[in-house]
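A structural walkthrough
Residues per chain, in single letters:
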Amino acid sequence: MATETTEAAGVCVDAGGSALGMPQLCADWMPNQIFWLIITLAAIYFVMSRIALPRIGAVLAERSGTITNDIAAAEELKNKAAEAEAAYEKALVDARAEAQKIVAEAKAEIQAELDVELQKADAEIAAKTAESEKAIAEIRDGAVKSVAEVAKDTAKELVAVMGGSADAKTITAAVNARMKG
């Protein structure tokens, strides 16, 4: 029997049992190789279709869902950021308006206080001016009386030095006439 297998296999194998050329290309062995190729491909197809591809599909679906959820979350955060920015801008505008209002109120209040103080200062100045004018008038009246007295005394002394005599009425009349103009 051993001779039969050697003879049947003798075309692709030499006498020592070594392959002649590439055993995969031996035409005598092709039907056997095609049979095992079909069995192997069927086993690979079964494993891929029943086990590997559903797992890969599940992973891809999970990744797609995660990506979709992440994109939706990013869009929601973007909208919230835009709303927050709009709220910030509105708050900034409101704060500026409130600051302008406060500044205007402060200016008005300061102006009112300034007006009151100016009125007080004007009243004080007017009162001091009136007092000063009264004092000046008193000083002027006193000065005029003093000048008149000095003039009368000087005139009396001059008349006496010149060797004359004059009575007080004549000197007073002469001094008054001269002072009037």
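For the structure itself, look to the data block above.
Quick caveat, the model's predicted, so the values are computed rather than measured. (Residues numbered from 1 in each chain as written. Predicted model: local features only at pLDDT ≥ 70, side-chain atom pairs only at ≥ 80, totals over all residues. Heavy atoms only, no water.)

1. Some points on the overall build of the chain
Looking only at helices and strands, the chain has three helices and zero strands in total. Secondary structure of the chain in N-to-C order comes out as α-α-α. In terms of overall size, the chain is more extended than a compact globule, its C-alpha atoms giving a radius of gyration of 67 Å where 181 residues would be expected to give roughly 16 Å. Oriented by its inertia axes, the alpha-carbon framework of the chain measures out at about 200 × 35 × 20 Å. Taken over 181 residues, the chain has a buried fraction of 4%. Considering only residue pairs separated by 6 or more positions, the chain has 17% of its internal contacts joining residues 24 or more positions apart. Total accessible area on the chain stands at roughly 15200 Å², and carbon and sulfur atoms take up 65% of it. The chain carries 19 positive and 28 negative side-chain charges, and their two centres are separated by 18 Å. (Helix = DSSP H or I, 4+ residues; strand = E, 2+ residues; numbered from the N terminus. Rg over C-alpha atoms; globule rule 2.2 N^0.38 Å. Buried < 20%, exposed > 50% of the residue type's maximum accessible area, 1.4 Å probe, protein only. Contact = heavy atoms within 4.5 Å. Areas by Shrake-Rupley, 256 points an atom, 1.4 Å probe, with all protein chains shown as cover. Lys, Arg positive; Asp, Glu negative; His and termini not counted. Charge placed at Lys NZ, Arg CZ, Asp CG, Glu CD.)

2. Considerations on the environment of Glu-76
Its place among the elements puts Glu-76 in helix H2 (residues 30-161). Classification of Glu-76 as partly exposed rests on a relative accessible area of 44%. Linking Glu-76 and Leu-92, residues 16 residues apart in sequence, is a C-alpha distance of 24 Å.

3. Examining the pattern of salt bridges
Going through the model one piece at a time under the given rule, you end up with three salt bridges. For the salt bridge of Lys-80 with Glu-76, the shortest nitrogen-to-oxygen distance reads 3.4 Å. Pair noted here: Lys-80 and Glu-76 are both in helix H2, with a separation of four residues, about one helical turn. Of the charged contacts, one joins Lys-120 and Glu-117 as a salt bridge, the two residues approaching to 3.9 Å between their closest N and O atoms. (Salt bridge = Lys/Arg side-chain N within 4 Å of Asp/Glu carboxyl O.)

4. Describing the state of the cysteines
For the structure on display, the rule yields one disulfide. Disulfide pairing is shown between Cys-12 and Cys-26; the S-S distance is 1.3 Å. Measuring the twist about the S-S bond at about 45 degrees, one finds the Cys-12-Cys-26 disulfide to be right-handed. Taken together, the residues Cys-12 in the loop between helix H1 (2-8) and H2 and Cys-26 in the loop between H1 and H2 connect sequence positions 14 residues apart. By the burial criterion, Cys-12 is buried, and Cys-26 matches it. (Disulfide = S-S within 2.5 Å.)

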